[in-house]
Amino acid sequence: MQKIKSLMARQGLKSPQESVVDMSPVESFRTPSKEELRELREQPTDPQAEQEIIDSIEEVYYSSDSFDMVQYELEKLPPDLNLLELEEYRDKLKRQQAAVSKRVADLILEKQPSYVKELERVTSLQTNLQLAAVICTNARRQLRSAKEGFTEASLGLLANQRRRQLLTGLLKSLRTIKTLQRTDVRLSEMLEEEDYPGAIQLCLECQKAASTFKHYNCISELNSKLQDTLEQIEEQLDVALSKTCKHFDVSHYTKVQLAYKLLGKTQTAMDQLHMHFTQAIHNTVFQVVLGYVELCAGNADTKFQKMQYKDLCTHITTDSYIPCLTDLCKALWEVMLSYYLTMQWHDEHYKEEEASPAADSVAEGSDESTVGRSYVKKKLEHGLTRIWQDVQLKVKAYLLGTDMSNFKYDDFIVVLDVISRLMQVGEEFCGSKSEVLQESIKRQSVNYFKNYHRTRLEELRMFLENETWELCPVKSNFSIAQLHEFKFMGQCRSPSVSPSRQPESTDLLELSLFEQYLEGGNPFEMQIDNKEEETEDVLASNGYESDELEKSVYQEYDSDSDVPEELKQDYVDEQTGDAPVKSVSRETLRSRKRSDYNLNRANAPILTNTTLNVIRLVGKYMQMMNILKPIAFDVIHCVSQLFDYYLYAVYTFFGRNDMYESSGLGLISSRLRTTLSRIQESLIDMESGGENPGPHASPEERKEKVPSPHLSQLVILTATDTLYGLAERVVATESLVFLAEQFEFLQPHLDTMMPSAKKPFLQQFYSQTVSTASELRKPIYWIVAAKAIDYEQMLLLMAGVKWDIKEIMSQHNVYVDVLLKEFEKFNLRLGDVSKIVRIPLPVSNVLWEHCIRLANRTLVEGYANVKKCSNEGRALMQLDFQQFLMKLEKLTDLRPIPDKEFVETYIKAYYLTENDMEQFIKNHREYSMKQLTNLVNVCLGSHINKKARQKLLAAIDDIDRPKR
């Protein structure tokens, strides 16, 4: 350090702090002289030793520039000074100073070229700055001169012109602002006139103008006011849009859509529209139901308006149910019609746009329009199902809110008809099958119908127990189609066509309900009109259609009144053996003329009031099926029960008689017997009748059954003069046959209503039940035939005849005349009964067949009681039977005579040999064991030995064993 200081002293240099003040920039950066640098380089040059010396310098010397080295070193001196140590320490410091100085000199020499170059640049920069100062001074002097001579005059004029232009623009802006301030009034007027497109157009123009002058404070306020006005217009536009949901108006809707188009919110409008339709449905049904509930409640304090719609529906009374339902459907129809017209408007609008596209339409705008149309179309199509679903849910809540099980039938049919019409609307509206409505109305219908059918069955039992089985006078051209319960069938002549589709004209068929009622009206208004047309004229006066017909009928009957006398005369003549041919032919003609025993009452159907009631019930049931197909099977099952119960009652009243049923003549076919057993098991509650129902009769099963009916005490079936209630039996049986014929007529209609899976039930019902109605004639009329003629007396008379005569007789026995007299009396009684009720030909045939069959079997039984008989006696038997047949053929037209061969074969069997007799016994099992035994004992007894007789008797016993 000392050397550096000495070097500085020799050069006459000051310390750095002193020299900076008075040195120029060039002088302050003086470089060491060459001698100084050389002296420094002569120091030891061992780099390692030099580095070690530098490293041995204490760190404190590097700490800061303000470090006082002298003070530091002095403070380090020990209290006791040692000269040698001090000198050594001083030498060490000198070496450190020399090493640092040498290192500094090396660094200076190394950086000297850069230092010289930088010094030259600084000198150049100083020269340039001095030149710039001169130029600026000159420029300022010249600018001052120009300002004084030019700017103050010329630019002053320009400034004034510019100010004028600004003021002119301001005046124009103020006028525009004034106009904008006045648009508020005009907008209000346009909104009152419902000119929404014009209002929006004006508002948008005002907003555009306001955005130009937004830098004015008053305009910023006006802009916010215009925005509020536009929002207000949108709100009013939304209200206007909601009005179209109930009463669609083309011009009104066109304005609203154009307004939304100007706003660029067509899709938003569509979303809002669907929301309004949903709200309209809810508000409409709520208001309709609320109105009826409040009307029926009167001054009640209940807060109905706060109730939920579903709860409100439970307060509808029975009397107001149908009017409310009708008004509900009318209101919903208006909403759906509005939606239909909305879709129609959009379809027509898009067609017009496609037909005449704008000439200046840009491709991009056209694409956006296409996307918008597609969105609106899909939204509308989707809305169809959504709106119909809302309608269904509202009507479902109304339907299920009231228990309709105790409704009158006509009222319930009206409900079904209204719902059916509503489902038709739904099908045309969106192609829906209305599953929600179908399920709800099915639930109500099944519930109603079970209760209704149970009541009707009880009524039918009451009718049957009070029925006196007298003829109900109806016109000869009576048809069930004349009853108003079957009016719906007149609408569909062909069973293959749905009844609801055929009645209307071809023009109406082509139009949907929406097209029919497009101009006005409502499809739910037609319910009231139909009831006024329900008039029918099926009853005849006094059993005849007119006095003239009644008179002619009795005149015709009087002209034949002498027939019984002639028959009697023929019988007297026959005593002499003469048969007046002429009389026979005339009798035959007359008998053929009268064979129907009908007094020619125009062949009016035979039926009772109960029959008519059953037919009406069937018509009502079919009406229900026609309207509500899902419960068709349940209804048809109940229809079959009506017929079953009627058939069972007729059989129980007039046909059940164990003695005659066991006659072995097959009066009741196996099919009829099975049918009667099925009815008794499935429908008849035997416990109520005092019989044991069996262990399987649960309360649920008994609930579905009806007690067995009992015949009215007014009906007497034991009087001989009335042929044991023949008139009542004819009316009962033939009314059942007539009922069966009506069921046959209705089969095609029932078949179309029946679900495919259940059609076998219907076919089985017809084949096993309806077709057996006519088979009841045999057991019912058999009882009359068995009692009408005294067969026991004939057996007694035959027992008194001597058959082992030796001569061939020419005169028949008296028992034949007695039997024929019985038949004549029977014929007269038939004529008397026919004055009360027409006896159809099939009935008279069955009666005559039973009587003749019983008479012939009585003859065979009488011949089987004979103890002794000769060949001449056999000839007398044949004579008696031939006489009986000859006279019988004059009394009846029945051909061939029943069981004729049964008697003839038995008489001829008396002539058979032993071998032929054995074959006869095997082939003729229709004869009883007693009758066959008599043939063996009486005919062959004297001609065969005991062994042969035993063999034949054993053969008879073998035949009879399976029967036992």
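Attention here is on the structure that accompanies the text.

What counts, and at which threshold
- Residues numbered from 1 in each chain as written.
- Predicted model: local features only at pLDDT ≥ 70, side-chain atom pairs only at ≥ 80, totals over all residues.
- Heavy atoms only, no water.
- Core = buried A, V, L, I, M, F, W, Y, C linked by side-chain atoms within 4.5 Å.
- Buried < 20%, exposed > 50% of the residue type's maximum accessible area, 1.4 Å probe, protein only.
- Helix = DSSP H or I, 4+ residues; strand = E, 2+ residues; numbered from the N terminus.
- Contact = heavy atoms within 4.5 Å.
- Salt bridge = Lys/Arg side-chain N within 4 Å of Asp/Glu carboxyl O.
- Phe/Tyr/Trp six-rings, centres within 6.5 Å; stacked < 30°, edge-to-face > 60°.
- Lys NZ or Arg CZ within 6 Å of the ring centre and 35° of its normal.
- Axes fitted to C-alpha atoms, helices over the stretch in contact; angles between N-to-C directions.
- Parallel < 35°, antiparallel > 145°, perpendicular 65-115°, else oblique.
- Nonpolar A, V, L, I, M, F, W, Y, C, P; charged D, E, K, R; others polar.
- Polar contact = N/O pair within 3.5 Å; in protein donor to acceptor, adjacent residues only side chain to side chain.
- Expected span 1.5 Å × (residues − 1).

Core analysis: the largest hydrophobic core is formed by 232 residues, its most contacted members being F823, Y863 and F884. Per element, the largest residue contribution to this core is 17 residues, and it comes from helix α12 (residues 318-355). Beyond its immediate stretch of four places on either side in the chain, F884 contacts V816, L819, L820, F823, A855, N856 and L859.

Right, let's talk about the pattern of salt bridges for a bit. Summed over all chains, the structure comprises 23 salt bridges. The closest approach of N and O atoms between R678 and D644, which form a salt bridge, is 3.3 Å. Of this pair, R678 sits in helix α25 (residues 670-682) while D644 is found in helix α23 (residues 632-655), placing the two residues 34 residues apart along the sequence. Each member of the salt-bridge network shares a partner with another, and the members are E50, K102, R103 and D106.

Moving on to the packing of aromatic side chains. By the definition in use, this model includes 34 aromatic pairs. Considering the side-chain rings of W803 and Y815, the 6.5 Å spacing of their centres and the 65° angle between planes classify their relative orientation as edge-to-face. Residue W803 is located in the loop between α30 (791-799) and α31 (814-836), and its partner Y815 is located in helix α31; the two are separated by 12 residues in the primary sequence. Here the guanidinium or amino end of K758 rests over the ring plane of F633, the centre of that ring lying 4.5 Å away.

Between helix α27 (residues 726-753) and helix α28 (residues 759-768), whose axes approach to 11 Å, the crossing angle comes to 175°. Regarding the angle of α27 to α28, the classification is roughly antiparallel. Facing F743, E744, L746, Q747, L750 and D751 of α27, the residues of α28 in contact are K759, L762, F765 and Y766. Grouping the constituent residues of the contact of α27 with α28 by class yields 6 nonpolar, 1 polar and 3 charged.

Bringing unusual backbone geometry into the picture now. A cis amide bond links R895 to the next residue, P896, at an omega of -10°. Turning to its location among the elements, P896 is positioned in the loop between α33 (871-891) and α34 (900-908). Positive phi, normally seen in glycine, also occurs at S434, with a value near 55°. Overall, S434 belongs to the buried group, its relative accessible area being 0%. The backbone phi angle of W469 is positive, close to 55°, even though this residue is not glycine.

So, about the side chain of S405. Here S405 is to be found in the loop between α13 (363-400) and α14 (409-430). Here D403 takes part through its side chain, which lies 3.0 Å from a polar atom of the side chain of S405.

Attention now moves to helix α32 (residues 841-864). Taking 1.5 Å of rise per residue, the 24 residues of α32 would be expected to cover 34 Å, and the 34 Å separating its terminal C-alpha atoms lies within 8% of that figure. Across the 24 residues that make up α32, a large majority, 17, are buried.

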